[in-house]
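# Structure at a glance
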2 protein chains.
Amino acid sequence: MADSMDLRHLVQDNGSKIILFVWDGLGGIQSGPEGKTELEAARTPHADRLVAQGCCGLLDPVYPGVTPGSGPGHLGLFGYDPREYQIGRGALEAVGVGFDFRHGDVAARLNFCTLDAKGRITDRRAGRIPNEESKLVVAKLAAAVKEVDGVEVLWAPVKEHRALLVLRGTDLGDGLEDTDPQKTGLAPLDVKVRDDSKESARTAAVAREVLARAMKAIAGETKANGILARGFAKRPHWPAMQERFGVRAAVVAGTPMYRGVAKLVGMDELPATNEVAKDVASLAAAWDKYDFFFIHYKHTDKAGEDGNFEAKVHYIEEADGALPALEHLSPDVLVVTADHSTPSAMKGHSWHPVPVLLWSKTARRDGVREFNEVACLRGGLGLRPSMHLMPLALAHAGRLAKFGA
Amino acid sequence: MADSMDLRHLVQDNGSKIILFVWDGLGGIQSGPEGKTELEAARTPHADRLVAQGCCGLLDPVYPGVTPGSGPGHLGLFGYDPREYQIGRGALEAVGVGFDFRHGDVAARLNFCTLDAKGRITDRRAGRIPNEESKLVVAKLAAAVKEVDGVEVLWAPVKEHRALLVLRGTDLGDGLEDTDPQKTGLAPLDVKVRDDSKESARTAAVAREVLARAMKAIAGETKANGILARGFAKRPHWPAMQERFGVRAAVVAGTPMYRGVAKLVGMDELPATNEVAKDVASLAAAWDKYDFFFIHYKHTDKAGEDGNFEAKVHYIEEADGALPALEHLSPDVLVVTADHSTPSAMKGHSWHPVPVLLWSKTARRDGVREFNEVACLRGGLGLRPSMHLMPLALAHAGRLAKFGA
């Protein structure tokens, strides 16, 4: 497992404040008109000033060469080793859609599928039915199956053919196999257990009944007349940031997925819109109530995923423009970094290390005066795993006591 | 244990190809006429071009300050933590001389020694008898002791006073102590067991009988009339590169030792000569059959061991000259690095980090335009353990799926 250190006996509360400003998917590779990365091409006067007054470096999000999903990418920044803190697919979906997912609940990702007259799958994605149609099917399910054997049954639409099933009750287990045979021409699988617990056995029986009733309820649908369930999982019991790092933490993120991951490590949710000026104002409004603020900027990642170099440059510049308002709050530590790279040339997440700048009065200046992937190679923070950022931020905030005499 | 990550659930096969070109002992220290390292002094236009188009850095072969033997040095590059994947001395010798060393075999390193009339050791290395004499002694042994208690007994010469003993049979154990008392004036020790297994007890009895008969057979020798056995060991059961990284891997190495280590991690052996042009041609001939190619260049290390700065420069230039032929194959990833440093000023292996260059279309260029130890300090790969190279190479080859959602 990771090179890590339990800091609980070192943390102290000195009233200082930390802002972690995540520009999602910030890192790139050289692909622009002048052979630059998006961040090299962007004009970022505020980040450049903060780098010059602070220090910088690069972070490996999960492990060298490993491309992180958004969950692992953020957990690393929050100081949680993404290899250790893994979340089941069902739980991630529940958290990702902003569902009120409670300890003890068991969630599964659902795919609507199309079954033929003999109950065999002909399309594992039910023709990717549009969201509106999917919502209607989910409404039918919610009306038809509300409770089985004392277990509350909750349904939520996600996107197209995808939906969420949550079982809520006492003594549920999540040692359940997927019912998706991963192939057409076969019937959905029975719900099997993969551990020996009574809880999983009971939950499997409930899930079996739930899915049987549910498929009866939608048997008349043309496309979405079947259901495949995957990734049964409970909400993980993770230690909160307050417990591990002694900070009252809050999240400002307009996209449910990022809020969800932040809430899994104990952050409180503040209002958010994905409009950066409003999100900064939301953070400012709660300034007195928290010690650590995670504010998320989404558009950079979206532009990278779309392969739109110019748009990514534009959004980087927009995010940069939000820095003065954050500085105006006089944080003790201000960090700008990313959960992962999303080079527009690759149209997706990548494993490339992400640039990081850390501004604080105790920063040891490293002579770097620009914030980009190449300049940060000469930065004082070096090249580190993302999970080393949080201890550094705490230290610069004066929140870590001396270790040993 | 190491900071590591199991990548098995992430590997995917996209048909891409990786070449790992190892310039053995490449790293140096400044000791040349102009205060340069061998690599700084060498003209390496091809490596310089690849660095400029790719990225670079430095690798710690085993652990900071630890000088690796050739086995650990290569295992790190193959993505196997050398601290975890250790191989018994007998097994290393068997592999190193290219012996057909099979699972279940037990190998031991032998030293011929000189015994006096009372059976006490007078010279632990039998006067370092020349290879030719040693071969004759081994031939006598091979003729005299072929089988004991159903166990096949195999002998092979190694070098001077060193030879190899391999026991082949069912249910053998390798929990056996050395018979070398490490001092003159004492008799060779009895073969003792160091675990409680039946297998080791039986193997000790066989080894005892083998050594007794063997020493009888060579009792008439003037110098090599005794045998000391060390490092009884089986071939380790290591997961193959195919299993861990999803690549069909092949080795082109003219020296048995390197082939042997590569075969321990499941590489197939391709013809090799230690003439670089021929070895590149051998690799090219198998291009369609493998995903990962390890090609070994020996002469740089030899020159370093000889303390010959100029020769090492010459051989670095020779290796550089082979790069265009490898590029011509259009690999997706081309890596040039070393298993360890062999500074000619030190006439031996050293712990100094080794330079590494990684060329691929997804490389984030770092602005470095020369391939040498100092320039690579500014490289985008940073300073990392060698075992992080393999995940990076796989990522750049598009062979690692996203981790988490």
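Note that the coordinates shown come from a computational prediction; the quantities given were computed from them, not determined experimentally.

A tally of helices and strands in chain A yields 13 helices and 14 strands. Relative to the globule expectation of 22 Å for 405 residues, the C-alpha radius of gyration of chain A, 23 Å, shows essentially globular dimensions. Dimensions of chain A, computed from C-alpha atoms along their principal axes, come out at roughly 70 × 55 × 40 Å. Per-residue burial for chain A yields a buried fraction of 57% across its 405 residues. By sequence separation, contacts in chain A at least 24 residues apart represent 75% of the contacts at least 6 residues apart. Of the roughly 16100 Å² of accessible surface on chain A, 49% is carried by carbon and sulfur atoms. Separation of charge centres in chain A, based on 50 positive and 53 negative side chains, amounts to 2 Å.

So, on to the sheet that holds strand S2 (residues 55-60) of chain B. Residue and element names in this part refer to chain B. One open sheet holds the eight strands; their spatial order is S10-S9-S11-S1-S12-S13-S2-S14, and the pairing between them is mixed. The sheet is open, and its two borders are formed by strand S10 (268-269) and strand S14 (382-385), each paired with just one other strand. Helix-sheet contacts for helix H3 (residues 70-77) involve strand S1 (18-23), S2, strand S11 (292-297) and strand S12 (333-337), and the interaxial angle to S1 is about 155 degrees. The strands touched by helix H11 (residues 309-321) within the sheet are S1 and S11, with S1 carrying the most contacts at an inclination of about 165 degrees.

Residues and elements named next belong to chain A. Strand order across the open sheet formed by eight strands is S10-S9-S11-S1-S12-S13-S2-S14, with mixed pairing between neighbours. The sheet is open, and its two edges are formed by strand S10 (268-269) and strand S14 (382-385), each paired on a single side. Contacts between helix H11 (residues 309-321) and the sheet are confined to strand S1 (18-23) and strand S11 (292-297), with S1 contributing the most and set at about 165 degrees to the helix.

To continue, consider the relation of the copies chain B and chain A. Superposing chain B onto chain A takes a rotation of 123 degrees combined with a translation of 0.1 Å along the rotation axis, leaving an RMSD of 0.2 Å. The operation mapping one copy onto its partner corresponds to a three-fold rotation axis. By C-alpha distance to the rotation axis, the residue of chain B lying nearest is Asp3 of chain B, at 3.3 Å. Different-surface contact between copies: only 7% of interface residues of chain B are shared with the interface of chain A.

To continue, consider the pairing of strand S13 (residues 354-360) of chain A. All names here are of chain A. The buried fraction of S13 amounts to seven of the seven residues, a majority that puts the element mostly inside the structure. What you see with S13 is no split at all: Val354, Val356, Leu358 and Ser360 on one side and Pro355, Leu357 and Trp359 on the other are buried throughout. Inspection of the sheet shows strand S12 (residues 333-337) paired to S13 by four bridges, in the antiparallel sense. Looking at S13, one finds that Val335 is bridged to Leu358.

Facing the 30 residues of chain B at the interface are 37 residues of chain A. Considering only the surface of chain B that becomes buried against chain A, Arg364, Phe403 and Ala405 of chain B emerge as the three largest contributors, covering 32% of it. Remark: the boundary between chain B and chain A carries one salt bridge. Across the salt bridge formed by Arg384 of chain B and Asp60 of chain A, the nearest N and O atoms sit 2.9 Å from each other. If you look at where chain B meets chain A, you find eleven residue pairs in polar contact (both at pLDDT 80 or more). Contributing elements (two or more residues each) for the side of chain B that touches chain A: S14 and helix H13 (389-396) of chain B. The leading source of residues in the side of chain B that touches chain A is H13 of chain B, at four residues. Residues that form the side of chain B that touches chain A fall into these classes: 14 nonpolar, eight polar and eight charged.

Bringing the pattern of salt bridges into the picture now. Tallied over the full model, the rule gives 51 salt bridges over all chains. Put simply, Arg124 of chain A and Asp180 of chain A hold a salt bridge, and the shortest N to O gap is 2.9 Å. Linking Arg124 of chain A in the loop between strand S4 (121-123) and helix H5 (131-144) with Asp180 of chain A in the loop between strand S7 (162-168) and helix H6 (198-217), this pair joins segments that are 56 residues apart in sequence. Pair check on accessibility: Arg124 of chain A and Asp180 of chain A agree, each one buried. Between Lys278 of chain B and Glu275 of chain B there is a salt bridge, and its shortest N-O distance comes to 3.5 Å. Exposure remark for Glu275 of chain B: the relative accessible area of 43% places this residue in the partly exposed category. Residues joined in a network through salt bridges with shared partners are Asp13, Arg248, Asp291 and Arg399 of chain A.

The rules behind each value
Residues numbered from 1 in each chain as written. Chains lettered and ligands numbered in written order. Predicted model: local features only at pLDDT ≥ 70, side-chain atom pairs only at ≥ 80, totals over all residues. Heavy atoms only, no water. Helix = DSSP H or I, 4+ residues; strand = E, 2+ residues; numbered from the N terminus. Rg over C-alpha atoms; globule rule 2.2 N^0.38 Å. Buried < 20%, exposed > 50% of the residue type's maximum accessible area, 1.4 Å probe, protein only. Contact = heavy atoms within 4.5 Å. Areas by Shrake-Rupley, 256 points an atom, 1.4 Å probe, with all protein chains shown as cover. Lys, Arg positive; Asp, Glu negative; His and termini not counted. Charge placed at Lys NZ, Arg CZ, Asp CG, Glu CD. Pairing = 2+ DSSP bridges. Axes fitted to C-alpha atoms, helices over the stretch in contact; angles between N-to-C directions. Least-squares fit on C-alpha atoms with pLDDT ≥ 70 in both. Buried area = accessible area lost by both parts, 1.4 Å probe. Salt bridge = Lys/Arg side-chain N within 4 Å of Asp/Glu carboxyl O. Polar contact = N/O pair within 3.5 Å; in protein donor to acceptor, adjacent residues only side chain to side chain. Nonpolar A, V, L, I, M, F, W, Y, C, P; charged D, E, K, R; others polar.

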